[in-house]
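Overview (structure and organization)
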Amino acid sequence: MPVNQDWEDRVAAAWATFDEYPEERAADFRGVIDALVAELPEGSPLGPFERACAWDSTGHSDKAVPLYREALALGLSEVSGYKGRRAKIQLSSSLRNVGRAEEGVKLLTPELDAPSDELDDAVRACLALCLSSLGRDREGLSLVLGALAPHLPRYQRSMANYARALIEPEA
């Protein structure tokens with residue numbers, strides 16, 4: 001189900017205006033996204049994905065969860081691996097927000113072994129939040145330190161070692 005670049009550009013342009021919609025106009029922003037989604041062919045996983053993003057970004061994780069799941073079930077990862085990965089990250093965050101952090105951990109843990117891309121740090125950050133919600137703070141801190149270490153101008157090796165030490169069993 002290919003979508004043309006014009007549609008993608010218009011979606012990106014809509015998202016670029018997101019901050020222009022105060023909380024009391026959140027429904028207006030969702031309406032903009034709904035109008036773009038209405039242009040998609042029936043069964044496109046991009047529709048529920050964009051709608052989930054809009055609900056999520058306007059503070060309604062509960063409404064976003066089923067839409068993210070629908071997008072993934074319709075094959076979002078096959079249409080766009082990048083958007084599929086984004087959906088998993090965002091779904092995990094939403095699951096955590098609605099009190100189902102364990103599901104978020106199960107969804108994101110395999111992403112640690114997925115091919116590397118610019119979303120790697122977001123995977124680790126969201127997974128760390130899910131772990132923290134489950135009282136597994138040391139594991140979460142390890143992930144965050146591990147993600148941060150490569151970005152530091154110094155102490156990269158030390159921070160990476162500290163990150164590993166947080167989760168290694170004590171001798």
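Above this note sits the structure.
The residue numbering used here restarts from 1 in each chain and proceeds along that chain's sequence as written. Confidence filtering applies because this is a predicted model: local features only for residues at pLDDT of at least 70, side-chain atom pairs given and counted only at 80 or more, and all residues used for totals across whole chains, interfaces and linings. Derived side-chain values reflect all non-hydrogen atoms in the structure, with water molecules and hydrogen atoms excluded from consideration.

Points about the packing of aromatic side chains
In this scheme Phe, Tyr and Trp rings, the latter by its six-membered ring, pair at centre separations within 6.5 Å, and the angle between planes marks the pair as stacked below 30 degrees, edge-to-face above 60, and tilted otherwise. The final tally for this structure, using the stated rule, is five aromatic pairs. Ring geometry for F18 versus F29: centroids 4.9 Å apart, planes at 75 degrees, classification edge-to-face. Taken as a pair, F18 in the loop between α1 (5-16) and α2 (26-37) and F29 in helix α2 lie far apart in primary sequence, eleven residues in all. Accessibility here uses a 1.4 Å probe with only protein chains present; expressed as a share of the type maximum, an area under 20% marks a residue as buried, one over 50% as exposed, and anything in between as partly exposed. We classify F18 as partly exposed; its relative accessible area is 21%. Look at F49 and Y68: their rings are 6.5 Å apart centre to centre, the planes differ by 55 degrees, and that puts the pair in the tilted class. With F49 in helix α3 (residues 46-57) and Y68 in helix α4 (residues 61-73), this residue pair connects regions lying 19 residues apart in the sequence. Every helix listed is a DSSP run of H or I at least four residues long, and every strand listed is a run of E at least two residues long, numbered separately from the N terminus.

Some thoughts on unusual backbone geometry
Although it is not a glycine, Y155 sits at a positive phi angle of roughly 70 degrees. Tracing the sequence through the fold places Y155 in the loop between α9 (137-148) and α10 (156-167).

Some points on helix α8 (residues 120-133)
Taking 1.5 Å per residue, 14 residues should reach 20 Å; α8 reaches 20 Å between its end C-alpha atoms and fits that length. By the convention used here, residues are in contact when the closest approach between their heavy atoms is within 4.5 Å. Buried-residue contacts for α8 involve α6 (81-97), α7 (101-108) and α9. Looking at the residues trailing α8, positive phi occurs at G135, about 80 degrees. By this rule, a helix spans an expected 1.5 Å times one less than how many residues it contains.

Focus: the packing of α2 against α3
Comment: axis = line fitted to C-alpha atoms, over the contacting stretch for helices; angle = value between 0 and 180 degrees taken between N-to-C directions. Remark: α2 packs on α3, axes separated minimally by 9 Å, with the N-to-C direction vectors making an angle of 175 degrees. Accordingly, the angle class assigned to the pair α2 and α3 is roughly antiparallel. Counted together, F29, R30, I33, D34 and V37 of α2 and G47, E50, R51, A54 and W55 of α3 form the full contact between these two elements. Here the contact of α2 with α3 is built from residues that sort into five nonpolar, one polar and four charged. Should an angle lie under 35 degrees it is considered roughly parallel, over 145 roughly antiparallel, and from 65 to 115 roughly perpendicular; all remaining angles are considered oblique. Amino acids are sorted into nonpolar (Ala, Val, Leu, Ile, Met, Phe, Trp, Tyr, Cys and Pro), charged (Asp, Glu, Lys and Arg) and polar (every other residue, Gly among them).

A word on the side chain of T58
Tracing the sequence through the fold places T58 in the loop between α3 and α4. Under this definition, polar contacts are N or O atom pairs within 3.5 Å; protein pairs additionally need one hydrogen-donor-capable and one acceptor-capable atom, and for neighbouring residues in sequence, both atoms have to be side-chain atoms. From its side chain, T58 meets the backbone oxygen of A54 in a polar contact 2.8 Å long. When near neighbours in sequence (up to four residues on either side) are disregarded, T58 contacts F18, A26, F29 and R30.

Brief notes about the environment of L107
As for its position among the elements, L107 is in helix α7. Sequence-wise, L107 and Y21 are 86 residues apart; in three dimensions their C-alpha atoms are separated by 31 Å. Contacts of L107, omitting those with residues within four sequence positions, involve K88, L91 and S92.

Notes on the pattern of salt bridges
Side chains bearing opposite charge may pair, as long as their charged atoms lie close to each other. Here a salt bridge means any side-chain nitrogen of Lys or Arg lying within 4 Å of a carboxyl oxygen belonging to Asp or Glu. If you walk through the whole model with that rule in mind, you get 13 salt bridges. In this structure, E8 and K83 form a salt bridge, with 2.8 Å as the shortest nitrogen-oxygen distance. Of this pair, E8 sits in helix α1 while K83 sits in helix α6, placing them 75 residues apart in sequence. Overall, the relative accessible area of 24% leaves E8 in the partly exposed class. Two residues, K88 and E111, come together in a salt bridge whose shortest N-O distance is 3.2 Å. Separated by 23 residues along the polypeptide, K88 in helix α6 and E111 in the loop between α7 and α8 bring together distant segments of the chain. In this structure E111 comes out as buried when scored by relative accessible area, which is 8%.

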